[in-house]
Amino acid sequence: MTWFLSHLDDVGVFLAWHVYLSAVPLVLGLAIALPLGYLARRYRWLYPPLILGTGLLYTIPSLAIFILLPLLLGTQILDPINVLVAMTVYTIALLVRTVADGLAAVPDEVLLSATAMGYKRFSRLLRVELPLAVPVIAAGLRVAAVSNVSIVSVAAIIGVSQLGSLFTDGFARAFLAPIVVGIVACVLLALALDLLILAAGRALTPWLRNRRAS
Amino acid sequence: MIEFDSVTKEYPDGTVAVGDLSLRAPTGEITVLVGPSGCGKTTSLRMINRMIEPTSGTITIDGEDSGSVDPARLRRGIGYVIQHAGLFPHRTIVQNIMTVPTLLGWDGGKAKARAMELMERVGLDPAFADRYPNQLSGGQQQRVGVARALAADPPVMLMDEPFSAVDPVVREGLQDEFLRLQSEMGKTIVFVTHDIDEAVKLGDRIAVLDVGGRLAQIASPAVLLAEPASDMVADFVGRDRGYRALAFTGGQVRADDEPTVPLGASVEDARAAAGGARWLLVLDEEGRPAGWVEPAKMAAPASADFLNRGGTVARADGSLRQALDAALSSPSGRGVLVSPDGALIGTVPAGRVVEAIEAERVHRTEGGAS
């Protein structure tokens, strides 16, 4: 506890980096997964390769990807951009299937009536399909958020500082306090992101509340 | 008027869903497409608003080739109602009804006022306006579906088995109200159903389609029931078509005066009124038939609890089918006839209704011959 209080500033900076490195990829990943998921839903033949392909990305060990990316992107090994890109890739891996399945869960008669009312394809997607896919997409996003918070900490090994740095620091000095603080901070951050997405999902789906209320 | 001109829909695998279909749905009338599953009735309907594109042939709406209009624009001008309503679950009832006006760029206040007006017209409590579809019953949702289709006041409506997913009692109510609405609005309606009774009840004209989307017969319900053009049509229309055709036969039957007592009448009064007859008709406070009693078995004044309500009641100005049914279902064998406001006019025995039916038939066939 005394260690935590005396290193409050350091922990704060690590936390800020951790939020940045795990949350920004969540947004970027979602932005890229939406069109990919839509394509997988729209063109049936694309579904298996897209889902399998993006799914395989998730099996690449994070350490390997952190080290490989600078070679592919021509960036410095310490550049946080590598971590951002890597986490975005993982988010995409988790969300493409979620988006495709979320869109597939929209009832056929709703699609049919939307088309019959005179919605064009894109506005139907925007106004009808995506709002109805929100519960499924939000559930996938929660998994991705927690997964990101956990994987980002590995980046401490390649020297990109965030809460994971507390683990490497603690290990190097055989000192337990920073490790405990790091774990607690990670869990709290994951919980906070999870609740945030849950709340946003609820706010976007008012029709799922008050079922059959009088 | 909607006109199909040799319209064919053939799928790449060679299946012909609709084969060389030509028919007309006249302006202001309900044209029902009916037939067994696989007869292409829904496919035909969806080709009208280009949800499905015909392989060949043209469909014109009031003289304009629908194939030449932008599909989204075309659809905004055509009301569409489907089974299970297909409401948008994420929008409130009023937002659902405002869908097409919003797509057409109406001012929000005007669209909302229109939606509220329509809720009232289709018999929905305005308190439902801000609820979501999952808070409504199936029948209520279907009313919203009809209101939504009517929102931009389209001249043409397409309805695909709109009432088949609700229970029979609700369905009958929806059908009656739909007919009432149509009598006020006079839309050009194409209505798909697999239920011949619904077709006969709602249709001004009925087109019977056979498997493969071939037109077997198109005619008014009365003609279809009386003169089916082929064995297929006869089979589809069903065995009791002779009886059902009576629904279209009006005719005068003379009503006898029927002795009655009011609800609450004493045993003595009832026995005196019946004058030895086994059954006696009881009227409610408004003079409407409430049911029958057997005065000989009465132990207490006539109360609503022990009335026999087995008999149906027919409007004196209604069809002979109703009158015959009233007579056949009445425990006394005397069918109860009422005025449009439900007040008792008198009773008629089944034999006299049958005589009226026969007289009507002779009148019709001789009228047709001359």
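Note that the structure is predicted; figures quoted are calculated from it, not measured. (Residues numbered from 1 in each chain as written. Chains lettered and ligands numbered in written order. Predicted model: local features only at pLDDT ≥ 70, side-chain atom pairs only at ≥ 80, totals over all residues. Heavy atoms only, no water.)

Caption draft 1: Structural context of the overall build of chain B. Along chain B, the regular secondary structure elements total 14 helices and 16 strands. Taken across its 370 residues, chain B has 48% of its residues classed as buried. Considering only contacts in chain B between residues 6 or more positions apart, those separated by 24 or more positions represent 61%. Accessible surface, chain B: about 16,300 Å² in total, of which carbon and sulfur atoms supply 50%. (Helix = DSSP H or I, 4+ residues; strand = E, 2+ residues; numbered from the N terminus. Buried < 20%, exposed > 50% of the residue type's maximum accessible area, 1.4 Å probe, protein only. Contact = heavy atoms within 4.5 Å. Areas by Shrake-Rupley, 256 points an atom, 1.4 Å probe, with all protein chains shown as cover.)

Caption draft 2: Summary view of the packing of helix H2 (residues 8-42) of chain A against helix H5 (residues 80-104) of chain A. All names here are of chain A. Where H2 contacts H5, the two axes come as close as 5 Å, and the packing angle between them is 40 degrees. Here H2 lies oblique to H5, going by the angle between them. Helix-helix and strand crossings are classified by hand; for H2 and H5 the assignment is right-handed. When grouped by side-chain class, the residues that make up the contact of H2 with H5 number 25 nonpolar, four polar and one charged. (Axes fitted to C-alpha atoms, helices over the stretch in contact; angles between N-to-C directions. Parallel < 35°, antiparallel > 145°, perpendicular 65-115°, else oblique. Left-handed = near helix turned anticlockwise from the far one by under 90°. Nonpolar A, V, L, I, M, F, W, Y, C, P; charged D, E, K, R; others polar.)

Caption draft 3: Molecular detail of the interface of chain A and chain B. Each partner contributes residues to the interface: chain A has 22 residues there, and chain B has 27 residues. Together, the buried faces of chain A and chain B total about 2,200 Å²; carbon and sulfur atoms form 63% of this surface. Linking chain A with chain B are zero salt bridges, by the criterion used here. Here chain A and chain B share seven residue pairs in polar contact (both at pLDDT 80 or more) between them. Every element with two or more residues in the side of chain A that touches chain B is listed here: helix H6 (108-117) and helix H7 (121-152) of chain A. Tallying contributions element by element places H6(A) first for the side of chain A that touches chain B, with eight residues. Considering only residue class, the side of chain A that touches chain B consists of twelve nonpolar, five polar and five charged. (Buried area = accessible area lost by both parts, 1.4 Å probe. Salt bridge = Lys/Arg side-chain N within 4 Å of Asp/Glu carboxyl O. Polar contact = N/O pair within 3.5 Å; in protein donor to acceptor, adjacent residues only side chain to side chain.)

Caption draft 4: View of unusual backbone geometry. All names here are of chain B. Positive phi, normally seen in glycine, also occurs at Asp20, with a value near 50 degrees. On the secondary structure map, Asp20 appears in strand S2 (residues 16-25). By relative accessible area, which is 52% here, Asp20 ends up exposed.

Caption draft 5: Spotlight on helix H1 (residues 41-48) of chain B. With respect to burial, H1(B) is a largely interior element, six of its eight residues being buried. The complete set of buried residues in H1(B) reads Lys41(B), Thr43(B), Ser44(B), Leu45(B), Met47(B) and Ile48(B).

Caption draft 6: Here's a closer look at the packing of H2(A) against helix H9 (residues 176-204) of chain A. All names here are of chain A. Their axes nearest at 11 Å, the elements H2 and H9 cross at an angle of 40 degrees. Overall, the two elements H2 and H9 adopt an arrangement that is oblique. The handedness of the crossing between H2 and H9 is right-handed. Of H9, the residues touching H2 (which contributes Val11, Leu15, His18, Val19, Ser22 and Leu26) are Val181, Cys186, Leu189, Leu193 and Ile197. Considered class by class, the residues forming the contact of H2 with H9 number nine nonpolar, two polar and no charged.

Caption draft 7: Focus on helix H5 (residues 108-121) of chain B. Residues and elements named next belong to chain B. Taking 1.5 Å of rise per residue, the 14 residues of H5 would be expected to cover 20 Å, and the 20 Å separating its terminal C-alpha atoms lies within 8% of that figure. What H5 keeps buried is the set Ala111, Arg114, Ala115, Leu118 and Met119. Each buried residue of H5 lies within a common arc of 140 degrees when the element is viewed along its axis, so the set occupies one face. Check the buried side of H5 and you find it contacts helix H3 (93-97), helix H4 (99-103) and helix H6 (138-150). Immediately beyond the C-terminal end of H5, within one or two residues, lies Gly123, with a positive phi of roughly 80 degrees. (Expected span 1.5 Å × (residues − 1). Arc of directions from axis to C-beta.)

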